[in-house]
Amino acid sequence: YALHLNGTGDVFTLTSAGNVGIGTSSPAGKLDVLAGGDQRLLFTTLGTDPFIGAVNAANSAYKMLQLNGSEMRLMTGGTERMRLTSTGLGIGTSSPSHAIDVSTSSATWAGAIKNTDATNGYGLFLQSAESASKAILGAYSGSSYKFYVRGDGRVGIGTSSPSDVLHIKATA
């Protein structure tokens, strides 16, 4: 079924499968709203899970927010990036065990909160892989670490190369 206004083409379409299209005569999901050009909003399922997607007109590039009752998933390029559950927010994990759970297989920093100003940049960094000489936690300001905790338990204040359990390096 289709609704036409003043001969301008299909404005509203209902298919025999129960899909509704607004601005399209061939809806790709239960509700498919095509605003023109590459502006499309699609309500459908991915497997058995419902999702809402911002999709290009060719239906080939998705920006998706997936909803599944007790959890929400944020996906880009078809890959899950974040999941919000009743337990917490998972980034890089589909089953967070803490309020905020960041997981990565990268050998570099797992997380960072930073100001990227070239002269006065600062931040807090969390290392994903523990090793004796690398930081697992670091606070950075300007051009150097102000606080540095290594994988072997050594702590540096004013140095990123602590030579003892606690190494404080004063600056003049």
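Because the structure is a prediction, the values reported are computed rather than measured.

Got a sec to walk through the overall build of the protein chain? Specific residues and values, please.
Scanning the protein chain for helices and strands turns up zero helices and 17 strands. Looking at the protein chain as a whole, 25% of its 172 residues qualify as buried. In the protein chain, the proportion of contacts linking residues at least 24 apart, taken out of those at least 6 apart, comes to 2%. Accessible surface for the protein chain amounts to roughly 10700 Å². Of this, 57% is attributable to carbon and sulfur atoms.

So what's going on with a nonpolar patch on the surface? Which residues, and what values?
On the surface, a nonpolar cluster with roughly 360 Å² of combined accessible area is contributed by Phe147, Ile157, Leu166 and Ile168. Tracing the backbone through its elements, the reader meets Ile157 in strand S16 (residues 155-157). Accessibility expressed as a relative area gives 34% for Ile157, which makes it partly exposed.

Before we move on, can you summarise the pairing of strand S4 (residues 31-36) with the specific residues and values?
Two strands pair when backbone bridges link them, and strand S3 (residues 20-22) and S4 are joined in this way by three bridges, in the parallel orientation. What sits directly across from Ile22, in S4, is Val33. Summarising the sheet, S4 and strand S5 (residues 39-46) pair through five bridges and their orientation is antiparallel. In the sheet register, Leu31 faces S5, and the bridge partner there is Phe43.

Can you break down the packing of aromatic side chains residue by residue, with the values?
This model, assessed by the stated rule, comprises one aromatic pair. On the numbers, 5.0 Å between centres and 75° between planes, the contact of Tyr145 with Tyr148 is edge-to-face. There is no split in this pair, since Tyr145 and Tyr148 are both buried.

Break down the pattern of salt bridges for me, with residues and values.
Inspection of the entire model under this criterion finds six salt bridges. The residue Arg40 makes a salt bridge to Asp32 at a minimum N-O spacing of 2.5 Å. By sharing partners, the salt bridges in this structure join Glu71, Arg73, Glu80 and Arg83 into a single network.

Residues and numbers for the environment of Ile168, please.
As for its placement among the helices and strands, Ile168 is situated in strand S17 (residues 166-168). For Ile168, a relative accessible area of 58% puts it in the exposed group. When the C-alpha positions of Ile168 and Phe147 are compared, they lie 9.4 Å apart, and in sequence the two are 21 residues distant.

What counts, and at which threshold
- The residue numbering used here restarts from 1 in each chain and proceeds along that chain's sequence as written.
- Only residues with pLDDT of at least 70 get local features here, since the model is predicted, and only at 80 or more are side-chain atom pairs given and counted; chain-wide, interface and lining totals rely on the full set of residues.
- Only hydrogens and water are set aside; all other atoms, that is, all heavy atoms of the structure, feed into the side-chain values.
- By the criteria applied, helices consist of DSSP H or I runs no shorter than four residues and strands consist of E runs no shorter than two, each listed in order from the N terminus.
- Only protein chains enter the calculation, and the probe is 1.4 Å; a residue is then buried if its accessible area is under 20% of its type maximum, exposed if over 50%, and partly exposed in between.
- The contact rule is simple, with two residues in contact once any of their heavy atoms fall within 4.5 Å.
- Note on areas: Shrake-Rupley with a 1.4 Å probe; residue coverage comes only from the protein chains shown.
- Excluding any residue in a salt bridge, patches collect residues exceeding 30% relative accessible area, merging like charges within 9 Å and nonpolar Val, Leu, Ile, Met, Phe, Trp and Tyr side chains within 5 Å.
- Salt bridge, as applied in this entry: a Lys or Arg side-chain nitrogen positioned within 4 Å of an Asp or Glu carboxyl oxygen.
- If DSSP finds at least two bridges between two strands, the strands pair.
- Paired rings are identified among Phe, Tyr and Trp, the last through its six-membered ring, by centres lying within 6.5 Å, and are further divided according to the angle between planes into stacked (under 30 degrees), edge-to-face (over 60) and tilted (the rest).

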